[in-house]
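Observations on chain architecture
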Amino acid sequence: MAHSVNKDLCVGCGACEETCPLGAISADAEGKREVNADLCVDCGACEGACPVGAIA
Ligand code: SF4
Ligand code: SF4
């Protein structure tokens, strides 16, 4: 199962996008990040990088 972003918590800092080794994270129209589940390999790097705990 892929990681995913809780957009109610995301502040759009981009740390997760920079950290993802697969390029699986991108910004939506509001600048909040989302995970492309087809690319995510569940490494957990984004979860550790998020300063507000928005990714699980
Ligand atoms: S769990 Fe790993 S591969 Fe999946 S989105 Fe996060 S950093 Fe990218
Ligand atoms: S690291 Fe967290 S707060 Fe920053 S863009 Fe990613 S999900 Fe949003």
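Read on for a plain summary of the structure. Sequence positions are assigned chain by chain, starting from 1 and proceeding in written order. Both sets of labels track the order of writing: A upward for chains, 1 upward for ligands. Residue-level local features of this predicted model are given only where pLDDT is at least 70; pairs of side-chain atoms are given and counted only at 80 or more, and the full residue set underlies all totals for whole chains, interfaces and linings. To get the side-chain values, all heavy atoms of the structure are used, and hydrogens and water are removed first.

1. Thoughts on the overall build of the protein
Helices and strands together make up the secondary structure of the protein, namely 2 helices and 2 strands. Helical segments are the DSSP runs of H or I of at least four residues, strand segments are the runs of E of at least two, and each set is numbered from the N terminus. The order of α-helices and β-strands along the protein, N terminus first, is α-β-β-α. The size measure is the radius of gyration over C-alpha atoms, and the globule rule it meets is 2.2 Å times the number of residues to the 0.38 power. On C-alpha atoms alone, the protein measures out to a radius of gyration of 10 Å, which is about the 10 Å that the 2.2 N^0.38 rule sets for 56 residues. Along the first, second and third principal axes, the C-alpha set of the protein runs to 25 × 20 × 20 Å. Counting every position in the protein, which comprises 56 residues, the buried fraction comes to 27%. Contacts spanning at least 24 positions in sequence make up 53% of the contacts within the protein whose residues lie at least 6 apart. Per-residue and other accessible areas were derived by the Shrake-Rupley procedure at a 1.4 Å probe size, with only the shown protein chains allowed to occlude residues. When the accessible surface of the protein is totalled, it reaches about 3,400 Å², and 50% of it is carbon and sulfur. Think of it in three bands: residues with accessible area under 20% of the maximum for their type are buried, residues over 50% are exposed, and the middle band is partly exposed, with areas taken using a 1.4 Å probe on protein chains only. We call two residues in contact whenever any of their non-hydrogen atoms come within 4.5 Å of each other.

2. Remarks on the site of ligand 2
Around ligand 2, a shell composed of 13 residues is seen, among which Cys10, Cys13, Gly14, Cys16 and Cys50 lie nearest. The classification used treats Ala, Val, Leu, Ile, Met, Phe, Trp, Tyr, Cys and Pro as nonpolar, Asp, Glu, Lys and Arg as charged, and all other residues, Gly among them, as polar. Among the residues making up the shell around ligand 2, the classes are represented as 10 nonpolar, 2 polar and 1 charged. Proximity criterion: a residue is near a molecule or strand once any of its heavy atoms comes within 4 Å of it.

3. Here's the deal with the pattern of salt bridges
Between Lys or Arg on one side and Asp or Glu on the other, a salt bridge is scored when a side-chain nitrogen of the former is within 4 Å of a carboxyl oxygen of the latter. Per the counting criterion, the structure on display carries 3 salt bridges. Here Asp28 and Lys7 are joined by a salt bridge, their closest N and O atoms 2.9 Å apart. One end of the pair, Asp28, is in the loop between β1 (25-27) and β2 (33-35); the other, Lys7, is in the segment before α1 (15-19), with 21 residues separating them in the sequence. With its nearest N and O atoms 2.9 Å apart, the salt bridge here joins Arg33 to Glu17. You can see Arg33 sitting in strand β2 and its partner Glu17 sitting in helix α1, a full 16 residues away along the chain. By relative accessible area, which is 13% here, Arg33 ends up buried. Note on Glu17: relative accessible area 33%, which makes it partly exposed. One network of salt bridges, with partners in common, ties together Lys7, Asp28 and Glu34.

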